[in-house]
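Each chain is listed here by its residues.
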Amino acid sequence: MFTIPEPNEPEYFLSSFPRDAFPVYEWTERPATLPAEAWTTETTHRDGQQGGLPLSAEQSLKIYDILCRFTGESGAIRQAEFFVYRPSDRAALQGALERYRGGAPIEPTTWIRATAKDVVLIGSLGVRETGMLASASDYHTFHKFKPGGRNQAAQTYLEALKMTLDAGIRPRLHLEDATRAPMDFMRPFIENAQEISAAYGPELRPKFRICDTMGLGLPFEDVALPRSIPRIFQEMRKLGLQPADLEFHPHNDTWLVVANCLTAIRSGCGVINGTSLGKGERTGNAPLEGILMHLMGMGYFREKQPDFTVLNELVELYAGMGEAVPPKYPLYGRDAHRTRAGVHADGLNKFWWMYAPFNVPQLLGRPLEVSLTKESGLAGLIFLVRQHTGLDINKDDPRLQKAYAWLMEEFDNGRQTSVEWEEIAPMLTDTIKTPPVLPDLK
């Protein structure tokens, strides 16, 4: 018979899993390339709209206002980018610019193609920075242009870059499809952009956005370019680019969007561009709430933190627009913190931290929930009674036994859907008169 050492107290690893914060990264050795500062920028008004969000100017501004209250004074989201091609988009941009001049924390910027025509379009809009689409892979440079090729594409982009600088607007060059792009294009193009910009002073120094447009990047250093996210950013740093000059814009086509974002940060990229609640083209953009949760775990935003409870308003807004987040979407999905297993419900009753990744009610403003199924047992009923009435009852209570018997009869007769509190409450609240209170989750 072997013996396992028995501690005097349970080991909860509270330095990694604090009671009042998101999980913390305990570095065995802090990565040398980790930026001193990191933050996010958002593209809900552009990529989210491309991904199906039906945005009017009013809805765009509602989203902007919610995100401003979410980020507050934390600096977690610093910029938002807007289309400028339709009157409703320009109206949304102007409304956001007015709010920003009045003290709102998120700076509105624009997104254009790197062409002379588009630079003229933004010249009078009042923005201080614009994104500029500069497609970098041969998939684009040889097929978007006529006759096509790397030099023609680069010359077009650089002419637009100079026009933007002449207009006093800081350029942010979007290196589209960078995870399929040759360094033989990226390196000289960036060097030329830096050389042209040098005469305009540090305030107009260009930024460079590395775009994993098709979600093909890999978070590993031991794979070859162009797919290796860490290797791409190592090459960018060799060109003298600082973390604040670099931004990463990935998509989730092959499920690696969050992993690639965290790898980008670890590799010296200072800024992640994405959308709130992951909305975006095809499989979606980087979910900013997930990225920021991890950045906080890494030690960023210690002084002032974003308020994650505010994003519940965005969940409701999207549902009202017919673009509800999926039920099992992490953090904010309807079922993200809901169990249907009796063993989990029993754990929640005995020690709720057993089946909670962090203090969900406090940090997200969302409850831990149980739905009743044929597997949820008496423990599920006990949890719901306590959650909605504040009363502790044991498994032998006749009121509970009666409700449980009805529940089992429903499933024995072929019911396939779960039972929620609202359906079973009448059987219990006739005899349980205690006013509803939330359970103490401390």
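Sequence order as written defines the numbering, with residues in each chain counted from 1. Local features in this predicted model are restricted to residues of pLDDT 70 or higher, and side-chain atom pairs are both shown and tallied only at a pLDDT of 80 or more, whereas totals for entire chains, interfaces and linings draw on every residue. The side-chain quantities take in all heavy atoms of the structure and omit both hydrogens and water.

### As for the sheet that holds strand β2 (residues 77–82)
(1) Moving on: Paired strands, in this sense, are two strands between which DSSP finds at least two bridges. Strands are runs of DSSP state E lasting at least two residues, helices are runs of H or I lasting at least four, and both sets are numbered from the N terminus onward. The eight strands lie next to each other as β1-β2-β3-β4-β5-β6-β7-β8, forming a closed barrel whose pairing is parallel. Neighbour-to-neighbour, the strand axes of this sheet turn through a mean angle of 25°, independent of strand direction.
(2) Moving on: Pairing geometry for strand β1 (residues 39–42) and β2, over three bridges, is parallel. Among the inter-strand pairings, Glu42 is bridged to a residue of β2, identified as Ala80.
(3) Moving on: The strands touched by helix α6 (residues 150–166) within the sheet are β4 (129–133) and β5 (170–175), with β4 carrying the most contacts at an inclination of about 170°. Here an angle of 0 to 180 degrees is reported between the N-to-C directions of two axes, which are lines fitted to C-alpha atoms, with helices fitted over the stretch in contact. Should any heavy atoms of two residues lie within 4.5 Å, those residues are considered in contact.

### Re helix α2 (residues 57–71)
(1) Moving on: With 15 residues, α2 should cover 21 Å at 1.5 Å per step; its first-to-last C-alpha distance of 21 Å lies within 8% of that length.
(2) Moving on: Here's how the labels work: a residue is buried when its accessible area is under 20% of the maximum for its type, exposed when over 50%, partly exposed in between, all with a 1.4 Å probe on protein chains only. Among all positions of α2, only Ala57, Ser60, Leu61, Ile63, Tyr64, Ile66, Leu67, Cys68, Phe70 and Thr71 are buried.
(3) Moving on: Phi turns positive, to about 55°, at Gly72, one or two residues after α2. A helix's residues, less one, multiplied by 1.5 Å, set its expected span.

### Looking at the pairing of strand β3 (residues 107–113)
(1) Moving on: Counting buried positions over the seven residues of β3 gives six, a clear majority of the element.
(2) Moving on: Where β2 and β3 come together, four bridges link them in parallel fashion. Each residue of the ladder has a partner; that of Gln79, found in β3, is Glu107.
(3) Moving on: When the strands point away from the viewer, a crossover counts as right-handed if the route from the first strand across the helix to the second turns clockwise. In the classification by handedness, the crossover that spans β2, the intervening helix α3 (residues 87–101) and the parallel β3 is right-handed.

### Considerations on a nonpolar patch on the surface
(1) Moving on: A grouping of Tyr12, Leu14, Phe351, Met354 and Tyr355 is seen on the molecular surface, where their side chains present a nonpolar patch of about 440 Å² in accessible area.
(2) Moving on: With respect to the helices and strands, the residue Leu14 is situated in the segment before β1. In this analysis, a patch consists of residues with relative accessible area above 30% that form no salt bridge, clustered at 9 Å for like charges and at 5 Å for the nonpolar side chains Val, Leu, Ile, Met, Phe, Trp and Tyr. Here the accessible surface of atoms and residues is derived via Shrake-Rupley with a 1.4 Å probe, and residues count as covered only by protein chains that are part of the display. For salt bridges, the criterion is a side-chain nitrogen of Lys or Arg within 4 Å of an Asp or Glu carboxyl oxygen.

### A word on the packing of aromatic side chains
(1) Moving on: Note on aromatic pairs: the rings of Phe, Tyr and Trp (six-membered ring only in Trp) are paired at centre separations within 6.5 Å, and the planes decide the class, stacked below 30 degrees, edge-to-face beyond 60, tilted for the rest. Tallied over the entire structure, the rule returns 12 aromatic pairs.
(2) Moving on: Among the aromatic residues, those joined into a ring-pair cluster are Phe22, Phe70, Phe308 and Phe358.
(3) Moving on: Distance and angle both matter: a charge sits over a ring if NZ of Lys or CZ of Arg is within 6 Å of the ring centre and within 35 degrees of the ring normal. We note Arg180 situated over the ring of Tyr139; from NZ or CZ to the ring centre the distance is 3.8 Å.

### Regarding the pattern of salt bridges
(1) Moving on: Inspection of every chain in the model, using the stated rule, returns 34 salt bridges.
(2) Moving on: Between Asp335 and Arg334 there is a salt bridge, and its shortest N-O distance comes to 3.0 Å.
(3) Moving on: Looking at Asp335, the relative accessible area reads 8%, which means it is buried.
(4) Moving on: Between Asp392 and Arg386 there is a salt bridge, and its shortest N-O distance comes to 2.6 Å.
(5) Moving on: Through salt bridges that share partners, Arg46, Asp47, Glu81, Glu129, Arg172, Lys207, Arg209 and Glu247 make up one connected network.

### Some remarks on helix α7 (residues 183–197)
(1) Moving on: Taking 1.5 Å of rise per residue, 15 residues should cover 21 Å, and α7 covers 21 Å from first to last C-alpha, within 8% of that figure.
(2) Moving on: Every buried residue belonging to α7 is among Met183, Phe185, Met186, Phe189, Ile190, Ala193 and Ser197, and all of these are buried. Down the axis of α7, the sector holding all buried residues measures 155°, keeping them to one side. Summarising the geometry of α7, the exposed residues directed more than 90 degrees from the buried face are Asp184 and Glu195.
(3) Moving on: The elements touched by buried residues of α7 are α5 (138–141), α6, β5, β6 (207–212) and α8 (229–238). Along the arc lie the directions from the helix axis toward the C-beta atoms.

### Quick look at the confidence of the model for the protein chain
(1) Moving on: Along the chain, pLDDT gives the predictor's confidence residue by residue, from 0 to 100. On average, residues of the protein chain score 92 in pLDDT, and 95% of them are at 70 or above.
(2) Moving on: Contacts for the low-pLDDT stretch residues 431–439, under 50 throughout, to residues beyond four places or in other chains number 18 contacts.

### A word on the state of the cysteines
Simply put, the disulfide is a covalent bond whose two ends are the sulfur atoms of two cysteines.
(1) Moving on: Defined by distance alone, a disulfide is two cysteine sulfur atoms within 2.5 Å. In total, this model carries zero disulfides according to the counting rule given.
(2) Moving on: Not engaged in a disulfide, the cysteine Cys269 finds its nearest cysteine sulfur in Cys261; these two sulfurs lie 8.6 Å apart.
(3) Moving on: The exposure class assigned to Cys269 is buried, which follows from its relative accessible area of 0%.

### Focus on unusual backbone geometry
(1) Moving on: A cis amide bond links Lys146 to the next residue, Pro147, at an omega of 0°.
(2) Moving on: Mapped onto the fold, Pro147 is located in the loop between α5 and α6.
(3) Moving on: Positive phi outside glycine occurs at Asp177, with the angle close to 65°.
(4) Moving on: In this structure, Asp177 sits in the loop between β5 and α7.
(5) Moving on: Looking at Asp177, the relative accessible area reads 0%, which means it is buried.

### Regarding the packing of helix α9 (residues 257–266) against helix α10 (residues 288–298)
(1) Moving on: Following both chains from N to C, one finds α9 and α10 inclined at 40°, their axes separated by 10 Å at the closest point. Here α10 runs oblique to α9, going by the angle between their axes. Crossing angle aside, the handedness with which α9 passes α10 is right-handed. Contact with α9, carried on its side by Val258, Cys261, Leu262, Ile265 and Arg266, involves Ile291, His294, Leu295 and Met298 of α10 and no other residues of that element. Should an angle lie under 35 degrees it is considered roughly parallel, over 145 roughly antiparallel, and from 65 to 115 roughly perpendicular; all remaining angles are considered oblique. Two helices cross in a left-handed way if the nearer one is turned anticlockwise from the farther one by less than a right angle. They cross in a right-handed way if the turn is clockwise.

### A short note on the side chain of Asp89
(1) Moving on: Examined against the element boundaries, Asp89 turns out to sit in helix α3.
(2) Moving on: With a relative accessible area of 6%, Asp89 lands in the buried category.
(3) Moving on: For Asp89, the contacting residues outside a window of four places in its chain are Gln49, Phe83 and Val84.

### Regarding the packing of α2 against α3
Packed helices, taken two at a time, are described by the angle their axes make and the gap between the axes.
(1) Moving on: Following both chains from N to C, one finds α2 and α3 inclined at 35°, their axes separated by 8 Å at the closest point. You can see that α2 and α3 cross each other, and the crossing is right-handed. Counting all contacts with α2, which are made through Ala57, Ser60, Leu61, Tyr64 and Asp65, the residues of α3 involved are Ser88, Ala91, Ala92, Gly95, Ala96, Arg99 and Tyr100.
(2) Moving on: Taken together, the residues of the contact of α2 with α3 sort by class into seven nonpolar, three polar and two charged. Here the term charged refers only to Asp, Glu, Lys and Arg, the term nonpolar to Ala, Val, Leu, Ile, Met, Phe, Trp, Tyr, Cys and Pro, and the term polar to all other amino acids, Gly among them.

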